[in-house]
Amino acid sequence: GSTRLAATVLVDGVASGPVSAARDMISFWGGFDPSTGLVIDRRHSLSGRCLTGTVFVLPHGKGSSTGSAVLLDALVQGTAPAAILLNRVDEIIALGAVVFEEFFGGTIPVAVLRDGDFAVALEAARIEIMAGGTVLAR
């Protein structure tokens, strides 16, 4: 069965995929390689993991505003996650998705989950996101 999660939409869109879940923050700048889709921060729990096409669940990003450009680069190259679910609003991550939509016509859903729903998302195997922010975790 599926669990319906309540999400606050930062960037609307439709996506589904296997979950890449992390309880630790990441900086896309220096922590993620947009040419391969790999987490390259050796201290991160998902180090070496490919995020391409997955629903990336993380508390929030950290650090440099350059992270928006790194995420945008990955979106343009097709190596980005399919969607990003956060536990806290992250303007840097949202900005990369907004620029992708405005200038390249593509979408990547970015949404924020409250604590209880975020805990469910961390343990999910697959997540589906529908337009308007309906999130189903399996």
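Residue positions are given per chain, counting from 1 as you read along its sequence in written order. Local features in this predicted model are restricted to residues of pLDDT 70 or higher, and side-chain atom pairs are both shown and tallied only at a pLDDT of 80 or more, whereas totals for entire chains, interfaces and linings draw on every residue. With hydrogens and water excluded, all non-hydrogen atoms of the structure serve as input to the side-chain values.

Topic: the pattern of salt bridges
- Any Lys or Arg side-chain nitrogen located within 4 Å of an Asp or Glu carboxyl oxygen qualifies as a salt bridge. As enumerated under the stated definition, the model contains two salt bridges in all.
- The partner of Arg23 in a salt bridge is Glu123, with the nearest N and O atoms 2.8 Å apart. With Arg23 in the loop between β2 (15-21) and α1 (28-31) and Glu123 in helix α4 (residues 115-123), this residue pair connects regions lying 100 residues apart in the sequence. Glu123 shares its class with Arg23; the two are exposed.
- The shortest N-O distance in the salt bridge between Arg138 and Glu128 comes to 3.5 Å. Separated by ten residues along the polypeptide, Arg138 in the segment after β9 (134-137) and Glu128 in strand β8 (residues 126-130) bring together distant segments of the chain.
- Take Arg138: its relative accessible area is 44%, and that puts it in the partly exposed class.
- Here Glu128 falls in the partly exposed class, since its relative accessible area comes to 28%. Each helix is a run of DSSP H or I of at least 4 residues and each strand a run of E of at least 2, with the numbering of both proceeding from the N terminus. Throughout, exposure labels follow a simple rule: accessible area from a 1.4 Å probe, protein chains only, divided by the maximum for the residue type, with under 20% read as buried, over 50% as exposed, and the rest as partly exposed.

Considering the environment of Gly105
- Within the secondary structure layout, Gly105 lies in the loop between α3 (91-104) and β7 (110-113).
- With relative accessibility at 62%, the residue Gly105 sits in the exposed group.
- When the C-alpha positions of Gly105 and Leu136 are compared, they lie 25 Å apart, and in sequence the two are 31 residues distant.

As for the pairing of β8
- On β8, burial follows the alternation: Ile127 and Ile129 on one face are buried, whereas Arg126, Glu128 and Met130 on the facing-out side are not.
- Pairing of β2 with β8, which is carried by four bridges, proceeds in the antiparallel orientation. Paired with Gly17 across the bridge in β8 is Ile127.
- For two strands to count as paired, DSSP must find a minimum of two bridges between them. When β8 meets β9, the two strands line up antiparallel, connected through four bridges. Directly across from Ile129, in β9, lies its bridge partner Val135.
- The antiparallel pairing of β8 with β9 creates a hairpin that spans three residues between the two strands, and Gly132 there sits at a positive phi of about 90°.

Digging into α4
- Looking at α4, one finds that the buried residues are Asp117, Phe118, Ala121 and Leu122. In a view along the axis of α4, the buried residues occupy a sector of 145°, so they form one face of it.
- At its buried positions, α4 is contacted by β1 (3-11), β2, β5 (55-58), β6 (83-86), β7 and β8. The reported arc concerns the directions from the helix axis to the C-beta atoms and nothing else. Residue contacts follow a heavy-atom distance rule, with two residues in contact if any of their heavy atoms lie within 4.5 Å.

Quick word on the sheet that holds β8
- Taken in spatial order, the seven strands line up as β1-β7-β6-β5-β2-β8-β9 and close into a barrel, and their pairing is mixed. This sheet shows a mean twist of 35° between the axes of neighbouring strands, independent of strand direction. Simply put, an axis is a line fit to the C-alpha atoms, just over the touching stretch for a helix, and the angle between two N-to-C directions goes from 0 to 180 degrees.

A closer look at the packing of helix α2 (residues 67-77) against α3
- Put simply, α2 and α3 touch, their axes get as near as 8 Å, and they point 45° apart. In this view, α2 runs oblique relative to α3, as classed from their interaxial angle. The handedness of the crossing between α2 and α3 is right-handed. Across the interface between the two elements, Gly67, Ser68, Leu71, Leu72, Leu75 and Val76 of α2 pack against Ile92, Ile93, Leu95, Gly96, Ala97, Val99, Phe100 and Phe104 of α3. Roughly parallel here means an angle under 35 degrees, roughly antiparallel means over 145, roughly perpendicular means 65 to 115, and every remaining angle is called oblique. If you view the pair so one helix is near and one far, a crossing is left-handed when the near helix is turned anticlockwise from the far one by less than a right angle, and right-handed when it is turned clockwise.

Points about the nonpolar core
- Think of a nonpolar core as a cluster: buried Ala, Val, Leu, Ile, Met, Phe, Trp, Tyr and Cys residues, connected wherever their side-chain atoms sit within 4.5 Å. Core analysis: the largest hydrophobic core is formed by 25 residues, its most contacted members being Phe28, Phe56, Leu71, Ile84, Leu86, Ile93 and Val110.
- Of all elements in the fold, only β5, α2, β6, α3 and β7 reach the threshold of two or more residues within this core.
- It is α2 that contributes the most residues to this core, five residues altogether.
- Apart from residues lying up to four places away in sequence, Leu71 is in contact with Phe28, Ala80, Pro81, Ile84, Ile93, Gly96 and Ala97.
- Grouped together as the second largest cluster of nonpolar side chains are 17 residues, Leu5, Val57, Ala121 and Ile127 included.

Remember that the coordinates give geometry; whether it matters functionally is a separate question.
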